[in-house]
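# Observations on chain architecture
Here's the letter readout for the chains.
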Amino acid sequence: MLQPYSVLLFDIEGTTSAISFVTETLFPFAATHLADFLEKNIDQLDDVVHAFREQALHDLEMGRNDVVPIPLEDRSAILESIVYNALAQITADRKVTPLKFIQGQIWAEGYQTGTLKGHVFDDVLSTFQNLVAQQKRIYIYSSGSVQAQKLLFGHSIAGDLRSYISGYFDTNIGHKIHEKSYRDIANEIGVPCYEVLFLTDKISEADAASKAGCQVVILNRPGNLKQPPNRFITWTNFKMLCTR
């Protein structure tokens, strides 16, 4: 049974939004536009190129076979190697910072032109409205960048939802399977962990949040991966948030 809470911390994939939106829409969109985006912008992305080069060196040292080194000179060769590595990272769903940055820039263009609309489940808008009316605060915590989170909720199929959201967290505060991340989030928000209700579709994240002292609910949305038996409350939608 849940205890009173003042803050709700929402995961995105499988919680507010369908996993398929990321895997079948966002990732392919970024992959399709990757080479063109880099060709147009590579000269203004020195820090990103350096980060890709450092990541490639690290991956090669770790023995990965889906990476090529990025040369120091020859613009065409630099572009070709970054595209190769980025596409491999997208395929492997890797959470690496330079890739997330480029994806965010490509998605921003898609959202701004109306080509992309962020998917949210049918009950998200009414739930957010209800929670704000209850004077509860809503935060988002996703492995996707804060920029990507704001784009999704700002250009969603339910309209611009950003006015309901008090803040956003990504892996800059820590990985989602580390309990310290949730303590740091609660500290930044300014509440004890037990006042935070974390909603996610992954048991590994639920375990970390619970160990930190947060309350947790697992979401079993359509299209979510089947979770093994666990100790957490499980919902199929947000209905219970609107009846408290």
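Bear in mind that the values here come from a model prediction, so they are computed numbers and not experimental data.

This part takes up the environment of Ser181. The topology assignment puts Ser181 in helix α7 (residues 179–189). On the basis of relative accessibility, which here comes to 2%, the residue Ser181 falls in the buried class. Residues in contact with Ser181, not counting those within four places in the same chain, are Tyr141, Ile173, Gly174 and His175.

We now examine the side chain of Asp11. Its place among the elements puts Asp11 in the loop between β1 (7–10) and α1 (19–41). On the accessibility criterion, Asp11 (3% relative accessible area) is buried. In this structure the side chain of Asp11 is engaged in a polar contact, spanning 3.0 Å, whose partner is the side chain of Thr15. Separated by 2.6 Å, the side chains of Asp11 and Lys176 make a polar contact. Apart from residues no more than four positions distant in its own chain, Asp11 is found in contact with Thr16, Tyr141, Lys176, Phe198, Leu199, Thr200, Asp201 and Glu205.

Let's shift gears to the packing of α1 against helix α4 (residues 97–113). Packing of α1 against α4 brings their axes to within 9 Å, and their N-to-C directions diverge by 100°. What the angle tells us is that α1 and α4 run roughly perpendicular. Every residue of α4 that contacts α1 at Phe21, Leu26, Phe27, Phe29, Ala30, His33, Leu34, Phe37 and Leu38 is listed here: Ile102, Gln103, Gln105, Ile106, Trp107, Glu109, Gly110 and Tyr111. Among the residues forming the contact of α1 with α4, the class breakdown is twelve nonpolar, four polar and one charged.

An order of β3-β2-β1-β4-β5-β6 is seen for the six strands of this open sheet, with the pairing classed as parallel. Whereas interior strands pair on both sides, the edge strands pair on one side only; in this sheet they are β3 (167–169) and β6 (233–235). Sheet twist, expressed as the mean angle between neighbouring strand axes with direction ignored, is 25°. Bridge analysis of strand β2 (residues 137–141) against β3 gives three bridges, and the strand direction is parallel. Considered in β3, the bridge of Ile140 is made with Tyr168. Running over the sheet, α7 touches β1, β2, β3 and β4 (196–200) and is turned about 145° from β2.

For the rest of this paragraph, the subject is helix α8 (residues 203–212). All of the buried residues in α8 are Ile203, Glu205, Ala206, Ala208, Ala209 and Ala212. Tucked into the core, α8 has its buried residues touching α7, β4 and β5 (215–219). One or two residues past the end of α8 sits Gly213, with phi positive at roughly 110°.

Of all hydrophobic cores here, the largest spans 59 residues; its most connected members are Phe10, Leu38, Trp107, Phe128, Phe153, Leu199 and Leu241. The dominant element in this core, judged by the number of residues it contributes, is α1, at nine residues. Sequence-distant contacts of Phe153, that is, excluding residues within four places in its chain, are made with Ile12, Thr16, Val120, Phe128, Ile140, Gly159, Asp160, Leu161, Arg162, Ile165 and Tyr168. Counting 23 residues, the second-largest nonpolar core is a separate cluster that includes Tyr182, Val196, Ala212 and Val216.

Turning our attention to the pairing of β2. Most of β2 is tucked away, with four of its five residues classed as buried. Sheet analysis places β1 next to β2, joined by four bridges and oriented parallel. Looking at the pairing, Phe10 lines up with Ile140 of β2. In the classification by handedness, the crossover that spans β2, the intervening helix α6 (residues 146–154) and the parallel β3 is right-handed.

Okay, the packing of aromatic side chains next. Note on aromatic pairs: each is described by the distance of the centres and the angle between the planes. Evaluated as defined, the whole model comprises six aromatic pairs. Summarising the aromatic geometry, the rings of Tyr141 and Tyr182 are spaced 5.4 Å apart at their centres and angled 80° between planes, so their arrangement reads as edge-to-face. Here Tyr182 lies in helix α7 and Tyr141 lies in strand β2, a separation of 41 residues in the sequence. Neither residue differs from the other here; Tyr141 and Tyr182 are each classed as buried. Three or more aromatic residues link up through ring pairs in this structure, and these residues are Phe10, Phe128, Phe153 and Phe238. The ring centre of Phe238 lies 4.4 Å from the NZ or CZ of Arg221, which sits over that ring.

The rules behind these values
- Residues numbered from 1 in each chain as written.
- Predicted model: local features only at pLDDT ≥ 70, side-chain atom pairs only at ≥ 80, totals over all residues.
- Heavy atoms only, no water.
- Helix = DSSP H or I, 4+ residues; strand = E, 2+ residues; numbered from the N terminus.
- Buried < 20%, exposed > 50% of the residue type's maximum accessible area, 1.4 Å probe, protein only.
- Contact = heavy atoms within 4.5 Å.
- Polar contact = N/O pair within 3.5 Å; in protein donor to acceptor, adjacent residues only side chain to side chain.
- Axes fitted to C-alpha atoms, helices over the stretch in contact; angles between N-to-C directions.
- Parallel < 35°, antiparallel > 145°, perpendicular 65-115°, else oblique.
- Nonpolar A, V, L, I, M, F, W, Y, C, P; charged D, E, K, R; others polar.
- Pairing = 2+ DSSP bridges.
- Core = buried A, V, L, I, M, F, W, Y, C linked by side-chain atoms within 4.5 Å.
- Right-handed = clockwise from strand over helix to strand, strands pointing away.
- Phe/Tyr/Trp six-rings, centres within 6.5 Å; stacked < 30°, edge-to-face > 60°.
- Lys NZ or Arg CZ within 6 Å of the ring centre and 35° of its normal.

The values are spatial; any link to function lies outside them.
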